[in-house]
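Chain by chain, the residues run as shown.
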Amino acid sequence: MRSMQLPPMSTIKPKSISRPKQSSGCYADHLHQDFHQKAPNLVWTSDFTYLKAGGKWYYLCIIMDLFSRKIISWNISSKPNTDLVIQTFQKAYYSRNYPAGLMFHSDRGSQYTAFAFRKLLDELNVVQSFSKKGYPFDNACCESFFKYLKKEETNRRNFRTYRDLYHSVFQYIEGFYNSRRPHGSLGYLTPDEMEATFWDRQGI
């Protein structure tokens, strides 16, 4: 941005939120805000946001690999239901070659706590982790992605149709965020570069 003589975008500071007590049992937080992972496919995080097109709300579900901050799967639907989460997860799981030893972290939305989705994760031996109730900082990486998606892309446009919205999100994620947008937390590499560097070191 400095090289292009662009001013930094303003950010909105969140209101102070007190830290809730740690939950246990079936809604435990196993991640504990450990956002820096040593390899891909150790921890995936997921969340929803809503976007408007043609006077109608649509819902974007993403899955991010915490190692690289790469959006490895995403889908848009008119309904923020469990089917959307399952489809997005299956797309990620197949595209990443059925990883073992995976943790999946999200908030406690009904889509993620639904029996059908939890059964799917259990069958695949995926450890499910949840943010503490009413505490978005436990899923800060997804929250940050949505913030920049809206500031850098969707809030700057008016979408007349679902097709227009889908194309815009596709271009942002696949054509910019994963491949061209550097991250300070990644040593100013892009998500694609971060993963390519890792696999090069593994000789793969």
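Predicted model, so just to flag it, every value in this text is computed and none were measured. (Residues numbered from 1 in each chain as written. Predicted model: local features only at pLDDT ≥ 70, side-chain atom pairs only at ≥ 80, totals over all residues. Heavy atoms only, no water.)

Engineer: I keep staring at unusual backbone geometry and nothing clicks. Help me out?
Structural biologist: Phi is mostly negative for residues that are not glycine, and the peptide bonds are mostly trans. Phi is positive for Gln33, close to 60°, though the residue is something other than glycine. Here the phi dihedral of Tyr98 falls at roughly 55°; this positive angle occurs in a residue that is not glycine. The residue Tyr98 is located in the loop between helix H1 (82-95) and strand E4 (103-106) in this model. (Helix = DSSP H or I, 4+ residues; strand = E, 2+ residues; numbered from the N terminus.)

Engineer: Would you take a moment to explain the packing of helix H4 (residues 140-152) against helix H5 (residues 162-177) for this structure?
Structural biologist: Describing two packed helices takes the angle between their axes plus the distance from one axis to the other. Two numbers describe how H4 lies on H5: the axes approach to 11 Å, and their chain directions differ by 105°. It follows from the interaxial angle that H4 and H5 lie roughly perpendicular. Of the residues in H5, those touching H4 at Phe145, Tyr148, Leu149 and Glu152 are Tyr172, Ile173, Phe176 and Tyr177. A breakdown of the residues in the contact of H4 with H5 according to their chemical character gives seven nonpolar, no polar and one charged. (Axes fitted to C-alpha atoms, helices over the stretch in contact; angles between N-to-C directions. Parallel < 35°, antiparallel > 145°, perpendicular 65-115°, else oblique. Contact = heavy atoms within 4.5 Å. Nonpolar A, V, L, I, M, F, W, Y, C, P; charged D, E, K, R; others polar.)

Engineer: Quick question: what am I supposed to make of the sheet that holds strand E1 (residues 43-53) here?
Structural biologist: In a beta sheet, neighbouring strands pair by backbone hydrogen bonds and run either parallel or antiparallel. Ordered by their spatial adjacency, five strands build an open sheet running E3-E2-E1-E4-E5, and the pairing between neighbours is mixed. The sheet terminates laterally at strand E3 (70-77) and strand E5 (127-130), the two strands that pair on one side only. Within this sheet the neighbouring strands show an average axis-to-axis angle of 25°, counted without direction. Judged from the three bridges that link them, E1 and E4 form a sheet pairing that is parallel. If you follow Val43 over to E4, its bridge partner there is Met103. In the packing of helix H3 (residues 115-123) onto the sheet, the strands contacted are E4 and E5, and the crossing angle to E5 comes to about 135°. (Pairing = 2+ DSSP bridges.)

Engineer: Before we go on, may I ask you to explain H3 in this structure?
Structural biologist: An α-helix turns once per 3.6 residues; consequently, residues spaced three or four apart project the same way. Within H3, the full set of buried residues consists of Phe117, Arg118, Leu120 and Leu121. In a view along the axis of H3, the buried residues occupy a sector of 155°, so they form one face of it. For H3, the exposed residues set more than 90 degrees away from the buried face come down to Phe115, Asp122 and Glu123. Buried positions along H3 lie against H1, E4, helix H2 (110-113) and E5. After H3 finishes, the residue Asn125 shows a positive phi value of roughly 60°. (Buried < 20%, exposed > 50% of the residue type's maximum accessible area, 1.4 Å probe, protein only. Arc of directions from axis to C-beta.)

Engineer: Teacher, can you tell me more about the packing of H1 against H3 here?
Structural biologist: Taken N-terminus to C-terminus, the directions of H1 and H3 make an angle of 20°; their axes are 9 Å apart at the nearest point. In terms of orientation, H1 and H3 fall into the roughly parallel class. Mapping the contact onto sequence places Thr82, Val85, Ile86, Phe89 and Gln90 in H1 and Ala116, Phe117, Leu120 and Leu121 in H3. Per-class residue counts for the contact of H1 with H3 are seven nonpolar, two polar and no charged.

Engineer: How should the nonpolar core be read in this particular structure?
Structural biologist: Looking at soluble globular proteins, one finds that nonpolar side chains tend to be buried together. In terms of nonpolar packing, the biggest core is built from 25 residues, with Leu60 and Phe145 touching the most fellow members. For Phe145, the residues in contact, after removing those within four places along its chain, are Ile62, Met64, Ile71, Tyr172, Ile173 and Tyr177. One finds Phe48, Ile72, Phe117 and Leu120 within the second-largest nonpolar core, a separate group that totals 19 residues. (Core = buried A, V, L, I, M, F, W, Y, C linked by side-chain atoms within 4.5 Å.)

Engineer: Is there a simple way to think about the pattern of salt bridges in this case?
Structural biologist: Here the idea is simple: oppositely charged side chains can pair when their charged atoms come close. Evaluated as defined, the whole model comprises eight salt bridges. A salt bridge links Arg96 to Asp65, with the nearest nitrogen and oxygen atoms 2.9 Å apart. Taken together, the residues span a long stretch of sequence, with Arg96 in the loop between H1 and E4 and Asp65 in strand E2 (residues 56-65) at a distance of 31 residues. Arg96 gets classed as buried once you look at its relative accessible area, which sits at 14%. (Salt bridge = Lys/Arg side-chain N within 4 Å of Asp/Glu carboxyl O.)

Engineer: For this particular structure, what's the right way to read the confidence of the model for the chain?
Structural biologist: For any part of a model where pLDDT is low, the fine detail of the predicted coordinates should not be relied upon. Of the residues in the chain, 88% reach a pLDDT of 70 or more, and the chain-wide mean stands at 89. Below a pLDDT of 50 lies the segment residues 9-20, which in the model reaches 20 contacts outside its immediate sequence neighbourhood of four places, other chains included. (pLDDT = per-residue confidence, 0-100.)

Engineer: What exactly am I supposed to notice about a nonpolar patch on the surface here?
Structural biologist: Residues Tyr162, Tyr166 and Phe170 make up a contiguous nonpolar surface patch of about 260 Å² in total accessible area. Position of Tyr162 among the secondary structure elements: in helix H5. The partly exposed category is assigned to Tyr162, whose relative accessible area is 33%. (Patch = residues over 30% accessible without salt bridge, like charges linked within 9 Å, V, L, I, M, F, W, Y side chains within 5 Å. Areas by Shrake-Rupley, 256 points an atom, 1.4 Å probe, with all protein chains shown as cover.)

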